[in-house]
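Below are the chains, spelled out letter by letter.
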Amino acid sequence: AKNLGRNRVALYDLSIDAARAERMRLADDLRGAIEGNALDVVYQPIFDITTMRPTGVEALVRWLHPTDGLIGPDRFIPIAEEDGMIEEIGEWVMRRACQDAMDWPAEVKLSVNVSPVQFRNPRFDTLLGSVLASIGFPAKRLEIEMTETHLVADPERAQAIIESIRALGVAVSLDDFGTGYSSIGYLRRFSFDKLKLDRSLVHGIAHDRSTRSLCEATIGLGRALCLQVTAEGVETEAEATILRAAGCHALQGYAYARPMTAEAVGGFLTMMVTR
Ligand code: C2E
Ligand code: CA
Ligand code: CA
Ligand code: CA
């Protein structure tokens, strides 16, 4: 039994080593990905829930790895954050997305996800301002998406940064609301323009009473605080109907549009907006 125990420990160590080696390999490959043109940005439309016309688009980064194929941000953003690459990647995404969005109908807003690491840089607002100026992209068409993890470490500083972003004319939304440490306190304390309901709060509302009640109550909460509420991960018409009745303002999800290339979304928006 003793022997078996030792083998088990050895196996466990091996798998940790393998995971670590795999992570290091990806980190090395990621370093060359920007220069190697291996990163790309796709765009998912966001619709006004009443008119069902697209009013915005969310930029989502992708990595086309030479041997592993397409790697999603959930897998490589954490590596980029830990290994000091996120600022470069984040700025690249911001530039690329603003450039792409210049070609779209002017009433369509652009949302970009920002990492807490980028957000913590005291020069973030200056950097953002200079990216906008160099491209000529209007600040009022841009929206920054952040999560509660941006706020916990130093709430006072976080509020100051949010204010400085809004002073540029850029809107700020709280993403993934309804997961993690979501708290009503955050909504009151920070000056967000928008609230994005996490898809775990949306998924199941057509079948499960308590999920539905929680979702409806959260929409009511957002409205009570004068926030625009967007529901993410809407996968069925039935979910959209419930969200509409509950007073949600906008929706995003596979039921209406999947993330698509810059070229495809340009065509989609032109068709839908000028229809
Ligand atoms: P997120 O900001 O919550 O983005 C929404 C995610 O849900 C996207 O996954 C999108 O493809 C997916 N999604 C959209 N509609 C549906 C639906 O109807 N059903 C389901 N099941 N999923 C849906 P994606 O593109 O894999 O991105 C994952 C996360 O990675 C994002 O979550 C965001 O937190 C992060 N991320 C993406 N792009 C960037 C970026 O440029 N910078 C940073 N820092 N993070 C990013
Ligand atoms: Ca987001
Ligand atoms: Ca989200
Ligand atoms: Ca998320």
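Residues numbered from 1 in each chain as written. Chains lettered and ligands numbered in written order. Predicted model: local features only at pLDDT ≥ 70, side-chain atom pairs only at ≥ 80, totals over all residues. Heavy atoms only, no water.

Now for the overall build of the protein. Looking only at helices and strands, the protein has 11 helices and 9 strands in total. Against the 2.2 N^0.38 benchmark of 19 Å for 275 residues, the protein shows a C-alpha radius of gyration of 20 Å, consistent with a compact globule. Looking at the 275 residues of the protein, the share that counts as buried comes to 46%. Across the protein, every contact between residues at least 6 apart in sequence was considered, and the portion connecting residues at least 24 apart equals 67%. (Helix = DSSP H or I, 4+ residues; strand = E, 2+ residues; numbered from the N terminus. Rg over C-alpha atoms; globule rule 2.2 N^0.38 Å. Buried < 20%, exposed > 50% of the residue type's maximum accessible area, 1.4 Å probe, protein only. Contact = heavy atoms within 4.5 Å.)

Before going further, it helps to spend a moment on the packing of helix α3 (residues 86-101) against helix α5 (residues 124-135). Running from amino to carboxyl end, α3 crosses α5 at an angle of 30°, the nearest separation of the two axes being 10 Å. In this structure, α3 crosses over α5, and the sense of that crossing is right-handed. From α3, E91, M94, R95, C98 and Q99 reach across to α5, where they touch L127, L128, V131, L132, S134 and I135. Partitioning the contact of α3 with α5 into residue classes produces 7 nonpolar, 2 polar and 2 charged. (Axes fitted to C-alpha atoms, helices over the stretch in contact; angles between N-to-C directions. Left-handed = near helix turned anticlockwise from the far one by under 90°. Nonpolar A, V, L, I, M, F, W, Y, C, P; charged D, E, K, R; others polar.)

Right, let's talk about the coordination of the calcium ion (ligand 3) for a bit. For the calcium ion (ligand 3), every protein donor is listed as D175 (OD), D176 (OD), E232 (OE) and E232 (OE), and the spread of their distances is 2.1 to 2.5 Å. Mapping the donors of the calcium ion (ligand 3) onto the primary sequence gives the spacing D-D-x55-E. Taken as an interatomic distance, the gap from the calcium ion (ligand 3) to the calcium ion (ligand 2) is 3.9 Å; D175 donates to each of them. Of the residues examined, D175 reaches a relative accessible area of 5% and is grouped as buried. For D176, a relative accessible area of 24% gives the class partly exposed. (Donors = N, O, S within 2.8 Å, 3.2 Å for Na, K, Ca; no water.)

Further remarks concern the side chain of R62. Position of R62 relative to the elements: it lies in strand β2 (residues 54-65). Comment: no salt bridge for buried R62; closest opposite-charge side chain is D74, at 8.2 Å. Among residues more than four places away in sequence, those in contact with R62 are A38, L39, D40, V42, L70, I71, P73, F76 and P259. (Lys, Arg positive; Asp, Glu negative; His and termini not counted. Salt bridge = Lys/Arg side-chain N within 4 Å of Asp/Glu carboxyl O.)

With that out of the way, let us pick up the pairing of strand β7 (residues 194-197). Note on strand geometry: in a regular strand, side chains alternate between the two faces of the sheet. The pairing of strand β6 (residues 171-177) with β7 spans 3 bridges and is classified as parallel. Among the inter-strand pairings, F177 is bridged to a residue of β7, identified as L197. With 4 bridges connecting them, β7 and strand β8 (residues 228-231) associate as parallel partners. Among the inter-strand pairings, K194 is bridged to a residue of β8, identified as Q228. (Pairing = 2+ DSSP bridges.)

Our next topic: the coordination of the calcium ion (ligand 4). In this structure, D176 (OD) and D176 (OD) serve as the protein donors to the calcium ion (ligand 4), at separations of 2.7 to 3.1 Å. A gap of 6.0 Å separates the calcium ion (ligand 4) and the calcium ion (ligand 2). By secondary structure assignment, the location of D176 is in strand β6.

Residues other than glycine seldom take positive phi values, yet M52 does so here, at roughly 60°. In this structure, D176 is a non-glycine residue whose phi angle is positive, near 55°.

We now examine α3. The first and last C-alpha atoms of α3 sit 22 Å apart over 16 residues, in line with the 22 Å expected at 1.5 Å per residue. All of the buried residues along α3 are I86, I89, G90, V93, M94, A97, C98, D100 and A101. On an axial view of α3, the arc spanned by its buried residues comes to 160°, and they lie on one face. (Expected span 1.5 Å × (residues − 1). Arc of directions from axis to C-beta.)

Moving on to the side chain of Q118. Relative to the elements of secondary structure, Q118 occurs in helix α4 (residues 116-120). The class of Q118 is buried, set by a relative accessible area of 8%. Of note is the side chain of Q118, whose polar atom sits 2.9 Å from the backbone nitrogen of S115. Other than its neighbours up to four places away in sequence, Q118 contacts I86, E87, G90, E91, N113 and F124. (Polar contact = N/O pair within 3.5 Å; in protein donor to acceptor, adjacent residues only side chain to side chain.)

Let us look at the packing of aromatic side chains. Within this structure, the stated rule accounts for 6 aromatic pairs. Here the aromatic rings of Y43 and W104 are separated by 4.9 Å at their centres, their planes lie at 80°, and the arrangement is edge-to-face. With a gap of 61 residues between them, Y43 in strand β1 (residues 39-48) and W104 in the loop between α3 and β4 (109-113) connect regions that are remote in the sequence. W104 matches Y43 in its accessibility class, with the two residues each being buried. Joined through ring pairs, the aromatic side chains of F47, Y256 and F268 make up one cluster. (Phe/Tyr/Trp six-rings, centres within 6.5 Å; stacked < 30°, edge-to-face > 60°.)

Attention now moves to the confidence of the model for the protein. Per-residue confidence for the protein gives a mean pLDDT of 93, with 95% of residues at or over 70. In the predicted complex, the global pTM is 0.94; the interface-specific ipTM is 0.97. (pLDDT = per-residue confidence, 0-100.)

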